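Structural characterization, general
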Amino acid sequence: MATLSTSTSEPVKKKSKKKKKKDKKKSNATPAKKRLMRDFKKMLTDNNTGVSAAPVDSNIFQWQAVLFGPGDTPWEGGTFHLLMDFTEEYPNKPPAVKFVTNMFHPNVSQHLVPFTFLLLLFESHVFLFLWVLLCVWRQQVYNDGRICLDILKSQWSPIYDITNILISIQSLLGDPNPSSPANEEAASLYRDNRREYTRRVRDLVNDNVTKAAAVASSSSSSSSSSSSSSGGVKTDQ
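Okay, so let's go over this structure. (Residues numbered from 1 in each chain as written. Predicted model: local features only at pLDDT ≥ 70, side-chain atom pairs only at ≥ 80, totals over all residues. Heavy atoms only, no water.)

**Describing helix H5 (residues 162-174)**
With 13 residues, H5 ought to run about 18 Å at 1.5 Å a step, and its terminal C-alpha atoms sit 19 Å apart, in line with that. Among the residues making up H5, those that are buried are Ile 162, Thr 163, Ile 165, Leu 166, Ile 169, Gln 170, Leu 172 and Leu 173. Contacts made by the buried residues of H5 are with helix H2 (31-46), strand E1 (51-56), strand E2 (59-68), strand E3 (79-85) and strand E4 (96-99). Two or three places before Thr 163, at the opening of H5, Asp 161 has a side-chain oxygen 3.2 Å from that residue's backbone nitrogen. (Helix = DSSP H or I, 4+ residues; strand = E, 2+ residues; numbered from the N terminus. Expected span 1.5 Å × (residues − 1). Buried < 20%, exposed > 50% of the residue type's maximum accessible area, 1.4 Å probe, protein only. Contact = heavy atoms within 4.5 Å. Polar contact = N/O pair within 3.5 Å; in protein donor to acceptor, adjacent residues only side chain to side chain.)

Here is the structure:
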């Protein structure tokens with residue numbers, strides 16, 4: 001009887017340990033993480049052709065996003081990459097969203113001149129260095145691809161999810177608000193010289209398409225060369 005009772009109690013102990021592990025995993029799922037997972041599932045099921053996003057590796061609080069330029073606008077045909085940083089306060093507070101792709105838009109700041117270039121410029125031409133800094137200060141409220149959009153600031157609501165954010169940014173590309181600029185030059189051209197603004201945007205989009213095609217071509221050529229090298233090995237008979 002003693003041996004029988006010990007043998008039956010062992011699987012019960014194992015089950016209780018597994019249950020504890022499951023309960024621990026559930027307790028680690030904070031409200032922000034649960035909401036982000038819900039947003040991710042919605043993103044997968046909605047099948048939005050114009051926007052997409054997913055967490056970076058295993059970090060649920062940092063996402064990579066892609067959106068396509070809206071049709072019938074100068075941005076049509078472009079593919080634009082963004083980073084989204086969330087905190088434990090989501091969805092009560094909005095994420096920090098910025099473009100990784102360099103943009104020319106009244107409500108999107110351009111990326112700053114690289115620091116190494118500024119350092120070299122300072123060492124060689126001090127006055128030119130100061131002039132560049134002045135231009136940066138005058139033309140840009142932000143300096144790293146951040147977006148000036150009301151729903152990411154004062155008009156944020158917890159009902160917005162990741163899909164809503166990206167669709168709003170996509171809409172902003174074709175319908176900017178020059179009265180609240182993050183890039184003064186783009187805002188000025190949009191107000192006073194729409195043709196030049198459109199030309200600048202189209203140049204950026206075409207450059208974007210060319211770079212994407214070059215990356216796709218290099219990746220396909222590398223994969224084909226690796227397959228041919230593996231298939232070209234002959235065995236002597």
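**Digging into the packing of aromatic side chains**
Summed over all chains, the structure comprises eight aromatic pairs. For the ring pair Trp 63 and Phe 86, a centre distance of 6.0 Å and an interplane angle of 65 degrees mean the geometry is edge-to-face. With Trp 63 in strand E2 and Phe 86 in the loop between E3 and E4, the pair connects residues that are 23 residues apart, well separated along the chain. On the accessibility criterion, Trp 63 (0% relative accessible area) is buried. The interplanar angle of 75 degrees and the centroid separation of 5.6 Å between the aromatic rings of Trp 75 and Phe 80 together place this pair among those described as edge-to-face. As far as burial versus exposure is concerned, Trp 75 and Phe 80 are alike and both buried. Here Arg 194 stacks its cationic end above the ring of Tyr 190, 3.7 Å away from the centre of that ring. One Lys or Arg, Arg 200, reaches over the ring of Phe 104 and ends 4.1 Å from the middle of that ring. (Phe/Tyr/Trp six-rings, centres within 6.5 Å; stacked < 30°, edge-to-face > 60°. Lys NZ or Arg CZ within 6 Å of the ring centre and 35° of its normal.)

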